[in-house]
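Chains, contacts and geometry: an overview
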Amino acid sequence: LAGSLASFFIDDKDLDSISKLAMGVIMTMAVLFPIGIALGIYRWLRQSKQKTYHFFLCHHKAGAGALARLMKMELCRSDSSLRGDVF
């Protein structure tokens, strides 16, 4: 874009090539801008439907805190398909 703007200050102007270059820049922006917006909306919708955590451990405060910590450590350490974020 800066190159096409700088070409207006050249004494020997080739207006045909300058206009083709400017039209190419404008058309590229006109095509890429809606694609970028659509991609952003798609990612936002896909992310909003995903759960943040794979596991939620709930326990009685005094009775099973150690067991919940052990389960969390095992779930985080496992190499199987059960691996995921734990809350």
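**A short note on the overall build of the chain**
Helix and strand counts for the chain stand at 3 helices and 0 strands. Its helices and strands in sequence order give the chain the pattern α-α-α, from N to C terminus. A buried classification covers 11% of the 87 residues belonging to the chain. Considering only residue pairs separated by 6 or more positions, the chain has 50% of its internal contacts joining residues 24 or more positions apart. As displayed, the chain has an accessible area near 7900 Å², and 67% of this comes from carbon and sulfur atoms.

**Looking at the confidence of the model for the chain**
In low-pLDDT segments, the atomic positions of the prediction should not be examined closely. Averaged over every residue, the pLDDT of the chain is 79; the share at 70 or more is 76%. Confidence, read as mean pLDDT per element, is least for helix α1 (residues 2–6) in the chain (66) and greatest for helix α2 (residues 15–48) (90).

**Comments concerning helix α3 (residues 65–77)**
Over its 13 residues, α3 extends 18 Å from the first C-alpha to the last, a length consistent with the 18 Å expected when each residue adds 1.5 Å. Of the residues making up α3, those classed as buried are G65, A68 and L75. Summarising the axial view, the buried residues of α3 lie within an arc of 90 degrees, below the 170-degree limit, and thus occupy one face. Opposite the packed face of α3, turned more than 90 degrees from it, sit the exposed residues A66, R69, M73 and R77.

**Section: a nonpolar patch on the surface**
On the surface, a nonpolar cluster with roughly 560 Å² of combined accessible area is contributed by F33, I37, I41, W44 and L45. For W44, the position within the fold is in helix α2.

Reading the values: rules and limits
- Residues numbered from 1 in each chain as written.
- Predicted model: local features only at pLDDT ≥ 70, side-chain atom pairs only at ≥ 80, totals over all residues.
- Heavy atoms only, no water.
- Helix = DSSP H or I, 4+ residues; strand = E, 2+ residues; numbered from the N terminus.
- Buried < 20%, exposed > 50% of the residue type's maximum accessible area, 1.4 Å probe, protein only.
- Contact = heavy atoms within 4.5 Å.
- Areas by Shrake-Rupley, 256 points an atom, 1.4 Å probe, with all protein chains shown as cover.
- pLDDT = per-residue confidence, 0-100.
- Expected span 1.5 Å × (residues − 1).
- Arc of directions from axis to C-beta.
- Patch = residues over 30% accessible without salt bridge, like charges linked within 9 Å, V, L, I, M, F, W, Y side chains within 5 Å.
- Salt bridge = Lys/Arg side-chain N within 4 Å of Asp/Glu carboxyl O.

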